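Next come the chains, spelled out residue by residue.
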Amino acid sequence: MRSWLPEGVSTYSGSIDHMFYMILWVTGIGFIVTEVVLFAFAFMYRSRPGRRATYTHGNSKLEIIWTVVPAAFFVFLGFMSQNVWSSIKGHVPHTDEEVTVTASQFNWEIRYKGKDGAFDTPDDVVTSNDMRLPVDVPVKIRLRSKDVIHSFFLPQFRLKQDAVPGLTIEVWLQATRTGEFEIACAELCGFGHYSMRGVLTVLKPEEYRTWLSEQEAGVTAAQAGQGAPAPAAAEAKAPPA
Amino acid sequence: MSEHKLPFIRRYIFSTDHKVIGIQFMFVSLLFMVVGGLLAMMVRWQLAYPDRAMPLGTLFPESVMPEGHIGPEVYNALFTMHGSIMIFLVIIPMLTGAFGNFLIPLMIGARDMAFPKLNMLSFWVALPGGIIMASSFFVDAGPAATGWTAYPPLSAVPDYTGVTLGQTLWIVAVLIVGTGSIMGAVNYITTIVNMRAPGMHFFRLPLSLWALFITAILQLMATPVLASALGMLLFDRTLGTHFFAPAGGGQVLLWQHLFWFYSHPAVYIMILPAMGFASDILATFARKPVFGYKAMVFSLVGIAGLGFIVWGHHMFQSGMNPALGTAFMLSTMVIAVPSAIKVFNWLGTLWRGSIHFTTPMLHAMSFVSMFIIGGLSGIFMASTPVDIFIHDTYFIVAHLHYVLFGGSMFGIFAAITYWFPKMFGRTMNEAVGKVHFVLTYILFNLTFFPMHMLGMGGHMRRIYDPTQYEFLKPLQPINIFITQSALLLGAVQVLFMANFLLSLFLGRKAERNPWRANTLEWAAPSPPPHGNFERIPTVYRGPYEYSSPESSEDYLPQDQPPAHAPVPSRPPAMSPARA
C-alpha cells in the first residue's frame, strides 16, 4: 500500500505520523468489527416466517463494558496525544535561527534579521514567497498577518499554524533533509487563497550562510545606492513551474 | 374542531396547526436542499476540471461566469452558500422545524403545541431569513464568500473579499433564522414538559422525542450566543465598531470562540434528532425494544452537556494557547464515549431481531453504518498533534460529510419515508425508494470516502484550483473520480424528489398504522385532523414493547389498555419505562 501521507521531513513529523497510524489501526479495527456485526446481524436476523424477535430491553453489564472500554482507550489516546502536542506546540526550543513570516493577501513575506541581529530594522533581509532555512537546526518562525487570518502550512513538515492579525505566534521546525518544499495557505483568506503558494528551500548550513550573506550584502548595497534607509526586498525566486 | 370553517389561508398558509407548520418547514427545506445540492455540484466541477468551462455555465450572466468559467470569487461564494444553506436552511429546519413540529404533539398525545401562534411565527420568521439568504445571490458583488464560518477580519471588512451587501445579508439572514429557532425551541421544551398525555412519563417518551427535547435545550442555550456574535460582526461591518479588528483594540479570535460556542452544539443539533429517529425506526423494523433505552437517554444528555465544553477543538491551530488545546482535546475524547455507547446499543437493538428491510429501515441502518465512519474519523482530529496536519484539509470535509450526509441526511431520508404515510395519508413507492437508497448509499461512499485520502495527502479545503500545488497534482485523479461520483449522487436524488412529489398525489392511501408501530402518532388517523386525536390517548407502557410476551402480536401500542388488568385511573408517577 502506498503511503497516503506526504514524506515527512521535520524532526517531529514522525511522531505525528505515528499517532495518525496508531489511531488508524484502532479505529480501523473498530470500524471493521462494528460494520461486520451490523451486516452480519442484518443477514442473520432478517425476518423469516415463524421466528419472533427476542424480547429484551438491554443488559447492564454490556452497557458498563462498552462504556468503560472506549473511555479507557480515549483517556489513553488523550495522554499519548498530549505528549506529542506539548513537544511540538508546548515550547519553542532555544535557537539563534529566527525568521519572521508575515502573511498578507496573497503573499508570504519572509524576513531575516540582517546584520544587526534584530527584526524590523532597515537592514532586514526580506523576500517574497521564498523561504530558505538550514537543515538539521531548530528554527523559530514568528508568524504575523497584516490583514486577514491565513494559515502557514508546510505539509511535509507537518506544520500548520494560523497567522492572526494582532498576534505574533511562534512556531518552530527542524528540517531533516535538504530540498524544495511548498508553503501553502490553509485558511480561507479571500479570492486568491488558492494561489498563496510559497517555496521553502532547505539548504546545507554553509549554503544557507552564503545565501544569507549575499542577501545582506544586497540590502546594504541597495541602501548605499539609494542613500535612504529603506528596506529593500530581495527579488523573489521564481517558483518552479 | 372548527377545521372546516377556517378559510384556505388560515388552514394552509398562516396556520397554527403544528402539522401544517411542520410540512411548511419540510417543503421549504427540500427546496433549499435542491439549491444547496446544485451549488455542491458546481464546487465539484471546479475541483475536478479547474480549466474547463462548466456545462450550462453559459446560462449564467457573463459577469458571473465569463464563457461559463467559474472564477475564484464565485467559487468562494459557491462553497460558502452550499454550507450555509445546507446547515441553516436544510438540516436544522428539516430536523427540528419539520419533524420537531410534526412529531412532538403527536408522539406525546397532545392536540397541538403549547404556543400555536408562536409556532406559526417561528416559520414566518424563518422563511424571510431563507429568502434574504437566497436574495444575496442577486445583489451587486454577489453573496457571502467567507465560508459558513465567516471568520473576521475577512468577513468584517468588505475590501478583503470585494463582497459588500451579500455578506451583510448573510449575517442578517442567519440572525433571523436563529431567532426562529429560538422560538421553536421554547415551544418544544414547554410542550414536552407540560402537555404529555396521561401516563406518558419522561421515561416512556420515544427516543425521537428525547432527542428533539435535548436538541431544543441546546438551541435555546447556544443560539443566543451566535446571535450576539452576529450582532457584533454586523456592527463591525456597518457601524464602524472594532469588536474583531485588532487595529481598534478588538480580538480576532473572539469571533471563533463565540461562533464555535454555538456551532459545536449546533453540530449536535444537526445529529441528535436523526439519532432519535434512527433509534425509533430500528426498533420498529427489528420488531424489538431499543437496546439500553436509558443508556440511550443518558448518552443524549451527556452529549448535550459535554457539547458545550468542546468548542475549542475547532481552534487547535488558531493561535489559541496550546494548553487550552489540551483541555479541549480531553473533553472531546470524553464526548466520544456517549456516541460509542449509542452505536453499540443500535447494534444491540438489531441483535436477535426480526428485521424487515423497508426503505426507512435501510436508511436508518445506513445511518448507523455511516455514523460509525464519521464518528471514528472524528477521533483523528480530536488528537491535537494529528490535527496539526489534517486541520483545514479534505480529511475534515470527509468527516463532516460522513456525519452530516451519512448521518443527518440518511436520518432525514429514513424519517421522511417512515412518517410520510402519517404526514400525507399516502404511501411512498417502496421499489423506487429502495433503488434510491442503494444508489445513494454506494455513490455517497464513492464520493466522500476518497476525500479521506485527499486529506491525508494534505489537500487543503476551500481552494479554487488544487493543481496550483506540486504536492497536490498526483491527487488530481481522485478529485476527478469524486466529482464524477458526486454528479451521479446528485442525479440520483431526482428519484427521491419524484417519489416524494408523485406520492403526495398518487401514492396508495395509507392506513392508520402501516408499520404496526407502538408510538402514539400511529393512534391518530392518517393524516391526523386538526386536533390530532379523536380522544386524548392514555399511555400504559413504554414505546418499544415489540415482540412482548404480553401480546400475541409482535407489537403493543403505548395506548392499548392492558388485556387482563383493570384500567388504572391514574398511572403511578414514577413507574419505570419497561413496565
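Quick caveat: nothing in here was measured; it's all calculated off a predicted structure. (Residues numbered from 1 in each chain as written. Chains lettered and ligands numbered in written order. Predicted model: local features only at pLDDT ≥ 70, side-chain atom pairs only at ≥ 80, totals over all residues.)

Enquirer: I'd like to hear about the overall build of chain B, residue by residue, with values.
Expert: Counting its secondary structure elements, chain B contains 16 helices and 0 strands. Taken over C-alpha atoms, the radius of gyration comes to 24 Å for chain B, in line with the 25 Å a tight globule of 579 residues would show. The dimensions of chain B, computed from C-alpha atoms along their principal axes, are 75 × 50 × 50 Å. Among the 579 residues that make up chain B, the fraction classed as buried is 60%. Pairs at least 24 apart in sequence give 81% of the contacts found in chain B among residues at least 6 apart. (Helix = DSSP H or I, 4+ residues; strand = E, 2+ residues; numbered from the N terminus. Rg over C-alpha atoms; globule rule 2.2 N^0.38 Å. Buried ≥ 20, exposed ≤ 12 C-beta atoms within 10 Å, placed from the backbone. Contact = placed C-beta atoms within 7 Å.)

Enquirer: Before we move on, could you go through the interface of chain B and chain A and cite the residues and values that matter?
Expert: Many descriptions give the size of an interface as the accessible area lost when the pieces come together. Across the boundary between the two partners, chain B contributes 81 residues, which contact 72 residues of chain A. Within the side of chain B that touches chain A, the residues separate by chemical class into 48 nonpolar, 23 polar and 10 charged. (Nonpolar A, V, L, I, M, F, W, Y, C, P; charged D, E, K, R; others polar.)

Enquirer: Give a detailed account of the pairing of strand β1 (residues 98-104) of chain A, specifying residues and quantitative values.
Expert: Residues and elements named next belong to chain A. Where β1 meets strand β5 (residues 139-145), 6 bridges bridge the pair, whose relative direction is parallel. Residue pairing across strands places E98 opposite K140, the latter belonging to β5. Inspection of the sheet shows β1 paired to strand β2 (residues 107-112) by 5 bridges, in the antiparallel sense. Bridging across to β2, S104 finds its partner in N107. Counting the residues between successive antiparallel strands, the hairpin from β1 to β2 contains 2 residues. (Pairing = 2+ DSSP bridges.)

Enquirer: Just give me the short version of the domain arrangement of chain B, but keep the residues and values in it.
Expert: Residue and element names in this part refer to chain B. By domain assignment, chain B separates into domain 1 (21-32 + 72-270), domain 2 (287-508) and domain 3 (522-573). Computed from C-alpha coordinates alone, the two centres of domain 2 and domain 3 are separated by 34 Å. Taken together, the contact between domain 2 and domain 3 spans 10 residues of the former and 7 residues of the latter. At 4 residues, the largest contribution of residues to the side of domain 2 that touches domain 3 is made by helix α14 (residues 394-424). In terms of residue class, the side of domain 2 that touches domain 3 is built from 6 nonpolar, 1 polar and 3 charged. (Domains from an automatic or database assignment.)

Enquirer: Residue-level account of the sheet that holds strand β9 (residues 179-185) of chain A, with values.
Expert: All names here are of chain A. Spatial ordering of the open sheet is given by β4-β10-β9-β6-β7, a layout of 5 strands whose pairing is mixed. Edge positions in the sheet fall to β4 (130-134) and β7 (159-163), since each of these pairs with one other strand and no more. Going from strand to strand, the sheet's axes swing by 25° on average, the running direction of each strand aside. In the sheet, strand β6 (residues 150-154) pairs with β7 via 5 bridges, with the strands oriented antiparallel. Looking at β7, one finds that F153 is bridged to K160. (Axes fitted to C-alpha atoms, helices over the stretch in contact; angles between N-to-C directions.)

Enquirer: So what's going on with the pairing of β9 of chain A? Which residues, and what values?
Expert: All names here are of chain A. In terms of residue burial, β9 counts as a mostly covered element, since 5 of its 7 residues are buried. Bridging between β6 and β9 involves 2 bridges; their strand directions are antiparallel. Within the sheet, the bridge partner assigned to F152 lies in β9 and is C185. As paired strands, β9 and strand β10 (residues 198-203) are joined by 5 bridges and run antiparallel to one another. Bridged to G179 within β10 is V202.

Enquirer: Give me the lowdown on helix α7 (residues 207-238) of chain B, citing residues and values where you can.
Expert: All names here are of chain B. Relative to the 46 Å expected for 32 residues at 1.5 Å per residue, α7 spans 44 Å between its end C-alpha atoms, a close match to the ideal helical length. At A222, α7 shows its largest bend, some 30°, and a proline, P224, comes one to four positions later. Just downstream of α7, G240 is the residue with a positive phi angle, here 80°. (Expected span 1.5 Å × (residues − 1). Bend = angle between axes of the 7 residues up to and from the residue.)

Enquirer: Tell me about the domain arrangement of chain A, and please be specific about residues and values.
Expert: Looking at the assigned domains, one finds that chain A contains domain 1 (13-89) and domain 2 (98-226). Averaged C-alpha coordinates put domain 1 of chain A and domain 2 of chain A at centres separated by 43 Å.

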